[in-house]
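Below, each chain spelled out in residue letters.
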Amino acid sequence: MKNRFKWGLIMFAIISVAFGFNKAFQYLSDNKLYAQFVFDQWYGAKDSPVVDGYTDKQSYDWGDTCEVFINSASQGSVWLKLYDINDQAVDSAWVEVKPQTASENGSEKGYGYQKTFEYVIPELKGGIYLWEKKVPVLVKGDETKIGVLYPSNTCNAYNISGGKSLYGMFSQQATQVSFLRPTFPYVSFQSFHGLRHFFNHKEFQFSYLSDLDMDRKESLENLEVLIIAGHSEYWSRQARKNFDWFISKGGHAIILSGNTMWWQVRYSDKNDVMICYKSMEDPIENPLLRTVNWSDPSLNYPIGESIISDFLQGGYGRKNGIGFNGYKVVDKTHPLFQDVREDKLDILNVPSKEYDGVLMKYKKGEPIGLNNESFARTELLAYDSLGDNRNGAFVFGKKADSTGIIYNVGTMDWCSAYGLGGKDSTAFKAITDRMIHLCLAESQKIPVNLRK
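None of the values given here were measured: they were computed from a predicted structure. (Residues numbered from 1 in each chain as written. Predicted model: local features only at pLDDT ≥ 70, side-chain atom pairs only at ≥ 80, totals over all residues. Heavy atoms only, no water.)

Draft legend 1. Broad picture of the overall build of the chain. Helices and strands together make up the secondary structure of the chain, namely nine helices and 26 strands. For 452 residues, the compact-globule estimate of 2.2 N^0.38 gives 22 Å, and the C-alpha radius of gyration of the chain, at 22 Å, lies within 12% of that figure. For the chain, the spread of C-alpha atoms along the three principal axes comes to 70 × 50 × 50 Å. Looking at the chain as a whole, 56% of its 452 residues are labelled buried. The contacts of the chain with a sequence gap of at least 6 include a subset with a gap of at least 24, amounting to 70%. (Helix = DSSP H or I, 4+ residues; strand = E, 2+ residues; numbered from the N terminus. Rg over C-alpha atoms; globule rule 2.2 N^0.38 Å. Buried < 20%, exposed > 50% of the residue type's maximum accessible area, 1.4 Å probe, protein only. Contact = heavy atoms within 4.5 Å.)

Draft legend 2. View of the sheet that holds strand 1 (residues 50-55). Across the sheet, which stays open at both edges, the three strands sit in the order 1-2-5 with antiparallel pairing between neighbours. The strands lining the two open edges of the sheet, one partner per strand, are strand 1 and strand 5 (117-120). Across this sheet, the average inter-strand angle for adjacent strands is 30°, counted without regard to direction. Relative to strand 2 (residues 65-72), strand 1 runs antiparallel, the two sharing five bridges. The residue bridging Thr55 from the neighbouring strand is Val68, located in strand 2. (Pairing = 2+ DSSP bridges. Axes fitted to C-alpha atoms, helices over the stretch in contact; angles between N-to-C directions.)

Draft legend 3. Quick peek at the pattern of salt bridges. With the rule as written, the count across this model stands at 14 salt bridges. Here Lys115 ties to Glu67 by a salt bridge, and the two come within 3.8 Å at their closest N and O atoms. With a gap of 48 residues between them, Lys115 in the loop between helix 4 (106-109) and strand 5 and Glu67 in strand 2 connect regions that are remote in the sequence. Residue classification places Glu67 among the partly exposed residues on the basis of a relative accessible area of 26%. A salt bridge links Glu366 to Lys328; its shortest N-O distance comes to 3.8 Å. Taken as a pair, Glu366 in strand 23 (residues 366-371) and Lys328 in strand 19 (residues 327-329) lie far apart in primary sequence, 38 residues in all. Assessed through its relative accessible area of 29%, Lys328 is described here as partly exposed. (Salt bridge = Lys/Arg side-chain N within 4 Å of Asp/Glu carboxyl O.)

Draft legend 4. Broad picture of empty space enclosed by the protein. Following the criterion strictly, the structure yields one cavity of 30 Å³ or more and no others. One number sums up the size of the largest cavity: a volume of about 30 Å³. Lining the largest cavity are Leu149, Asn153, Asp211, Met214, Tyr234, Trp235, Ser236, Ala239 and Tyr267. Looking at the lining of the largest cavity element by element, the count peaks at three residues for strand 14 (residues 234-236). Its residues placed into classes, the lining of the largest cavity shows six nonpolar, two polar and one charged. (1 Å grid on protein atoms, 1.4 Å probe; cavity = no way out; pocket = protein on both sides within 12 Å on 5 of 7 lines; lining within 4 Å. Points joined across faces, edges and corners; volume = space filled by probe spheres on them. Nonpolar A, V, L, I, M, F, W, Y, C, P; charged D, E, K, R; others polar.)

Draft legend 5. Highlighting the state of the cysteines. For the structure on display, the rule yields zero disulfides. Here Cys66 is not cross-linked by a disulfide; its sulfur's nearest cysteine counterpart is in Cys155, at 16 Å. With a relative accessible area of 0%, Cys66 lands in the buried category. A disulfide-free cysteine, Cys415 has its sulfur positioned 13 Å from the sulfur of Cys155, the nearest such atom. Judged by its relative accessible area of 0%, Cys415 is buried. (Disulfide = S-S within 2.5 Å.)

Draft legend 6. Representation of the nonpolar core. Counting residues in each nonpolar core, the largest one holds 74 residues, and the members touching the most others are Trp131, Ile227, Phe394, Trp414 and Met435. Looking at this core element by element, the count peaks at nine residues for helix 9 (residues 425-443). When near neighbours in sequence (up to four residues on either side) are disregarded, Ile227 contacts Ile146, Gly147, Val148, Leu149, Phe198, Phe206, Ile254, Leu256 and Ile436. Core analysis: the next-biggest nonpolar cluster, separate from the first, contains 44 residues, Ala157, Phe179, Met261 and Val265 among them. (Core = buried A, V, L, I, M, F, W, Y, C linked by side-chain atoms within 4.5 Å.)

Draft legend 7. Seen up close, the layout of surface pockets. Here the second largest pocket is characterised by a volume of approximately 590 Å³. Of all the secondary structure elements, the ones that give two or more residues to the lining of the second largest pocket are strand 1, strand 7 (135-139) and helix 5 (152-158). For the lining of the second largest pocket, the element with the most residues is strand 7, which contributes four residues. Here the residues of the lining of the second largest pocket sort into 15 nonpolar, 12 polar and 10 charged.

Draft legend 8. Just the packing of aromatic side chains, in detail. Under the definition given, this model contains 29 aromatic pairs. Plain terms: the ring middles of Tyr111 and Tyr113 are 5.5 Å apart, the flat faces sit at 80° to each other, and that makes the pair edge-to-face. Classification of Tyr111 by relative accessible area gives buried; the value is 10%. Assessed through its relative accessible area of 6%, Tyr113 is described here as buried. An angle of 70° between the planes, with centres 5.5 Å apart, marks the rings of Phe394 and Trp414 as edge-to-face. Taken together, the residues Phe394 in strand 25 (residues 390-398) and Trp414 in the loop between strand 26 (405-408) and helix 9 connect sequence positions 20 residues apart. For Trp414, a relative accessible area of 0% puts it in the buried group. Among the aromatic residues, those joined into a cluster by ring pairs are Tyr327, Phe337, Tyr355, Phe394, Trp414 and Phe428. For Arg240, the ring lying beneath its charged end belongs to Trp294, and the centroid distance is 4.6 Å. For the cation-ring pair, Arg318 lies above Tyr418, with the distance from its terminal atom to the ring centre recorded as 3.9 Å. (Phe/Tyr/Trp six-rings, centres within 6.5 Å; stacked < 30°, edge-to-face > 60°. Lys NZ or Arg CZ within 6 Å of the ring centre and 35° of its normal.)

Draft legend 9. How the structure looks around the pairing of strand 25. Counting buried positions over the nine residues of strand 25 gives eight, a clear majority of the element. Across nine bridges, the pairing between strand 24 (residues 377-387) and strand 25 is antiparallel. Residue pairing for strand 25: Arg377 is matched across the bridge by Lys398. The hairpin formed by strand 24 and strand 25 contains two residues between the paired strands, and Asp388 there has a positive phi angle of roughly 55°. Sheet topology note: the strand 25/strand 26 ladder contains four bridges and is antiparallel. Across the sheet, Val395 pairs through a bridge with Asn408, a residue of strand 26. Connecting strand 25 to the next strand, strand 26, in antiparallel fashion are six residues.

Structure (structure tokens):
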């Protein structure tokens, strides 16, 4: 414990020197569980011979060759271990490592490390794995009915390796960022506890997708349910089209995310760089491919048409100190909540950083439903009040009789340490599993009371 405290102080001192004491203290105070997560990831891997590294692709099928690029503290032959999401070693490789230096402008053009070794993906259970708990490898796994989308684009957008990201808070803001660079934290905070829940599940089997996989319709063809786990903010136009196609053909979506589909992105010709100009002028000729908010009318593709809610109607939760610090359930007797203790349904305890919201209908000052003309059926399941007529909304929707159903929890913290990893994790796991059951029942045409 003393050793962890000492390293915690050292880490805080480094951050304070890099970004200023006040800025570092305020950020860590506002994001305590995130700060703890980041520290735990760093501390758990600090004794590794690996300084940092990356792989050549965002996801892998069984039998694919994964190229691994490692920067080590010293040169020599070492055993590198491959760990699963539970920190259990599942494989190892004897490789020659050496110190490597990143190329100039590595944030935008890639770090340019020399390849350290190749690893043929064995028949591992689908999920995210890490070389030396530092270098992530997303294994798609066996073909299943349920796919989990990992927010690889969002991870890349916030990644400050090389000194640049798509944000100006802790780095220089860029208009493009390479996937070929180390990432930290090594696994998304907003996805981590969801990934663990799915990986350790005793009833369901899951396969996995990266954001780039969403550009290929074939990635969705054999799925019945798509789960979007974490903070899935950056989407290409093709990925959104494929999502809508999936729902239109009868596929179902469980969106365990907030601030979802907020920015349009596109990729380089080699798919190794993500491009997003945001407020800067995008030079692309096709106006529909401008990398701005999807809520921009010029893109002619409102977010709510795809996933019911959006950040435009939502906003910040625990940051503003308004509302319930979680979700107030509209109807505790709803079938979705049947496996949750009643005392846990007063407020679903998920203090959320960012919410997606909806235009609501009210009766005697209380929200009772929502307005969304793109969906034939909608239901408000739970909500948080954010002030200024904005809200966080947990919603259900079905576009037409022939389409699939969508559950959208509307919070970026459902799969984080505030939700599935929080003090009421049992309730969140029960609701998550119930959504999966209801979606699979709908696929199999089993009569289920989706609504009261």
